[in-house]
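Below are the chains, spelled out letter by letter.
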Amino acid sequence: MVAVASALPALRISNADVETFLDTSDEWIASRTGIRERRIAGPEVSLLDLAARAARAALGAAGWEAAEIDTVICSSSSPDETFPSLACRLQAELGCPHGPAFDIQAACSGALYGLGLAQSLIQTGLSRRVLIVSAEVFSRLVDWSDRSTAVLFGDGAGAFLVGGPDEEGSQIIAIDLGADGSGAHTLGTLPAPEIDLADRRPPYTRSARALGRVVSMNGREVFRFSTRILEQLVLRLAESAGVGLEGIRLVVPHQANSRILATAAGRLGLPMDRFASNVERLGNTSSASVPLALAEVAAKGELENGDLACLVAFGAGLTWGGVMLRWGPTAVAVDDPAAESDPGSGGPDMVREEAEE
Ligand code: ACO
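Not measured: the values here are computed from a predicted model.

## Comments concerning the overall build of the chain
Helices and strands together make up the secondary structure of the chain, namely 11 helices and 14 strands. C-alpha extents for the chain along the principal axes are approximately 60 × 45 × 45 Å. Looking at the chain residue by residue over its 357 residues, the buried ones come to 57%. When contacts within the chain are restricted to residue pairs at least 6 apart in sequence, long-range pairs at least 24 apart make up 79% of them. Surface exposure of the chain reaches about 14,300 Å², of which carbon and sulfur atoms provide 50%. Each charge class in the chain can be summarised by its mean position, and for the 29 positive and 46 negative side chains these summaries are 5 Å apart.

Here it is in structure tokens:
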């Protein structure tokens, strides 16, 4: 892995903002999920915009040209088209050569399925340099009148660049991918209800629905599956890598909610400071969440060369994916327009105004 990057929309929506139109509370959301705010793309930002920003951030950090990318893989659980794929549109947007470009559908495990695929394409000689982008606009896949799902998700994108063993970067030393289709009913989508334009909800809740569907889930079953698979993945990846749990510097999990992370950490006997977490600020960003969390911890210098980072994800399908990385000199970029504004100087207020337009 030569680079990891993330891109976020600027619009920050707090639990208090959501309380203004939904029968919920900051106390309920934070105590059950750990989420305090999320980013929302807003009607003017497309899925492709977010994907292209993450891709350009990764390319810029690595010093690679788009012309050097021979394969583009995208994942999105909240796509805006059945076809053409997001990957084909991104290939054209960036000006990559005409190698394979395709989307994978593995829900929240998409980025890790992408890493596994990229490694095999490179090992078999079919590709030399692969771009993987996971981009999500879940704000267009939730029913904003359903408090049990609307409060959980956020928008964002993450990207990986993967090259051959001759490139500088982090080494993929173990991969574990899987699925159990008998759990397909646990998490899925339903036809979207009509949006009542006369109501008082803010504009970001009225963006075009992703393929006319909204997310539907059995929260308790998802909780049980997620905590179990997270624990198993970390144990299996440590075993494949030939290390004990104490040898893992950081677990970088899918950011579904902080109670899932705390439960899995407790079962593994690991302290929470060994789990990367941004769910408080970003909510659940589905397949973008692992690259987003990895880019953030790497940008903060929390990984040193030689450290083991254990990336783990789980999602609808049911799917799961894990990758053990030995950290090396890896290019990192975080494209976050809201972070550039000083919270004390009115920056977030400007963002808030955008929400209320
Ligand atoms: N605000 C206030 N009350 C709410 C809200 C809300 N946002 N949502 C639900 N409630 C109410 C319900 O209506 C219910 O009220 P009732 O008792 O009067 O009927 C009560 O809270 C309890 O509802 P439950 O659904 O039983 O709440 P639970 O304790 O199971 O918590 C939660 C729900 C947080 C979703 C939990 O099941 C969970 O953590 N599940 C994991 C699912 C998850 O994180 N999914 C993420 C997406 S999937 C993925 O990424 C793989």
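Now that the structure is up, let's keep going.
## A closer look at helix H2 (residues 26–33)
Side chains three or four residues apart in an α-helix point the same way, a direct result of the helix having 3.6 residues per turn. Of the positions making up H2, those classed as buried are Ile 29, Ala 30 and Thr 33. Summarising the axial view, the buried residues of H2 lie within an arc of 100°, below the 170-degree limit, and thus occupy one face. Immediately downstream of H2, the backbone of Gly 34 shows phi near 85°, a positive value.

## Description of the packing of aromatic side chains
Taken as a whole and assessed by the stated rule, the structure comprises five aromatic pairs. Aromatic pair Phe 225 and Trp 320: ring centres 6.3 Å apart, planes at 50°, arrangement tilted. Taken together, the positions of Phe 225 in helix H7 (residues 219–241) and Trp 320 in strand S13 (residues 319–326) put the pair 95 residues apart, joining distant regions of the chain. Trp 320 matches Phe 225 in its accessibility class, with the two residues each being buried. In this structure an aromatic cluster arises from ring pairing among Phe 21, Trp 144 and Tyr 204. Lying over the aromatic face of Trp 64, Arg 129 brings its terminal NZ or CZ to 3.9 Å of the ring centre.

## Some details on the site of the ligand
In the neighbourhood of the ligand, 24 residues make up the surrounding shell, with Thr 24, Arg 32, Arg 220, His 254 and Asn 257 lying closest. Within the contact set of the ligand, an oxygen atom lies 2.9 Å away from a side-chain nitrogen or oxygen of Arg 147. At 2.7 Å, a side-chain N or O of Arg 220 approaches an oxygen atom of the ligand. Within the complex, the protein chains bury 74% of what would otherwise be the 1,000 Å² of accessible surface of the ligand. Counting residues per element, the ones that place at least two in the shell around the ligand are H2, helix H6 (147–150), H7, helix H8 (258–268) and strand S12 (308–315). A total of four residues in the shell around the ligand trace back to one element, the largest contributor, which is H7. Residue composition of the shell around the ligand, grouped by class: 11 nonpolar, eight polar and five charged.

## Regarding the sheet that holds strand S4 (residues 71–75)
Strand order across the open sheet formed by six strands is S5-S4-S6-S7-S1-S14, with mixed pairing between neighbours. A strand with exactly one partner marks an edge of an open sheet, and here the two such strands are strand S5 (101–104) and strand S14 (331–335). In this sheet, adjacent strand axes meet at a mean angle of 15° when their direction is disregarded. In terms of strand pairing, strand S6 (residues 130–137) meets strand S7 (residues 155–162) through eight bridges, oriented antiparallel. Considered in S7, the bridge of Leu 131 is made with Leu 161.

## Here's the deal with the packing of H7 against H8
Where H7 contacts H8, the axes come no closer than 9 Å and their chain directions differ by 45°. Between H7 and H8, the crossing angle belongs to the class labelled oblique. With respect to the hand of their crossing, H7 and H8 are arranged in right-handed fashion. Note on element contacts: H8 touches H7 through Arg 259, Ile 260, Leu 261, Thr 263, Ala 264, Arg 267 and Leu 268, opposite Phe 223, Ser 226, Thr 227, Arg 228, Leu 230, Glu 231, Val 234 and Leu 235. Partitioned by chemical class, the residues of the contact of H7 with H8 number eight nonpolar, three polar and four charged.

## Points about the side chain of Arg 129
By the secondary structure assignment, Arg 129 is in the loop between helix H5 (110–123) and S6. Arg 129 sits in the buried class, given a relative accessible area of 11%. A distance of 2.7 Å separates a polar atom in the side chain of Arg 129 from a polar atom in the side chain of Glu 68. Reaching out from Arg 129, the side chain makes a polar contact with the side chain of Glu 167 at a distance of 2.8 Å. Sequence-distant contacts of Arg 129, defined by excluding residues within four places in its chain, comprise Trp 64, Glu 68, Ile 69, Asp 70, Thr 71, Val 162 and Glu 167.

## A short note on the nonpolar core
Counting residues in hydrophobic clusters, the biggest one holds 36 residues, and the most contacted among them are Ile 69, Val 72, Leu 90, Leu 131, Val 133 and Leu 161. With 10 residues, helix H3 (residues 47–62) is the largest single contributor of residues to this core. When near neighbours in sequence (up to four residues on either side) are disregarded, Ile 69 contacts Leu 59, Trp 64, Cys 96, Pro 97, Arg 129, Leu 131 and Leu 161. In terms of nonpolar packing, the next biggest core, distinct from the first, is built from 31 residues, Leu 121, Ile 122, Val 297 and Ala 313 among them.

Calculation rules
Residues numbered from 1 in each chain as written. Predicted model: local features only at pLDDT ≥ 70, side-chain atom pairs only at ≥ 80, totals over all residues. Heavy atoms only, no water. Helix = DSSP H or I, 4+ residues; strand = E, 2+ residues; numbered from the N terminus. Buried < 20%, exposed > 50% of the residue type's maximum accessible area, 1.4 Å probe, protein only. Contact = heavy atoms within 4.5 Å. Areas by Shrake-Rupley, 256 points an atom, 1.4 Å probe, with all protein chains shown as cover. Lys, Arg positive; Asp, Glu negative; His and termini not counted. Charge placed at Lys NZ, Arg CZ, Asp CG, Glu CD. Arc of directions from axis to C-beta. Phe/Tyr/Trp six-rings, centres within 6.5 Å; stacked < 30°, edge-to-face > 60°. Lys NZ or Arg CZ within 6 Å of the ring centre and 35° of its normal. Near = heavy atom within 4 Å. Polar contact = N/O pair within 3.5 Å; in protein donor to acceptor, adjacent residues only side chain to side chain. Nonpolar A, V, L, I, M, F, W, Y, C, P; charged D, E, K, R; others polar. Pairing = 2+ DSSP bridges. Axes fitted to C-alpha atoms, helices over the stretch in contact; angles between N-to-C directions. Parallel < 35°, antiparallel > 145°, perpendicular 65-115°, else oblique. Left-handed = near helix turned anticlockwise from the far one by under 90°. Core = buried A, V, L, I, M, F, W, Y, C linked by side-chain atoms within 4.5 Å.

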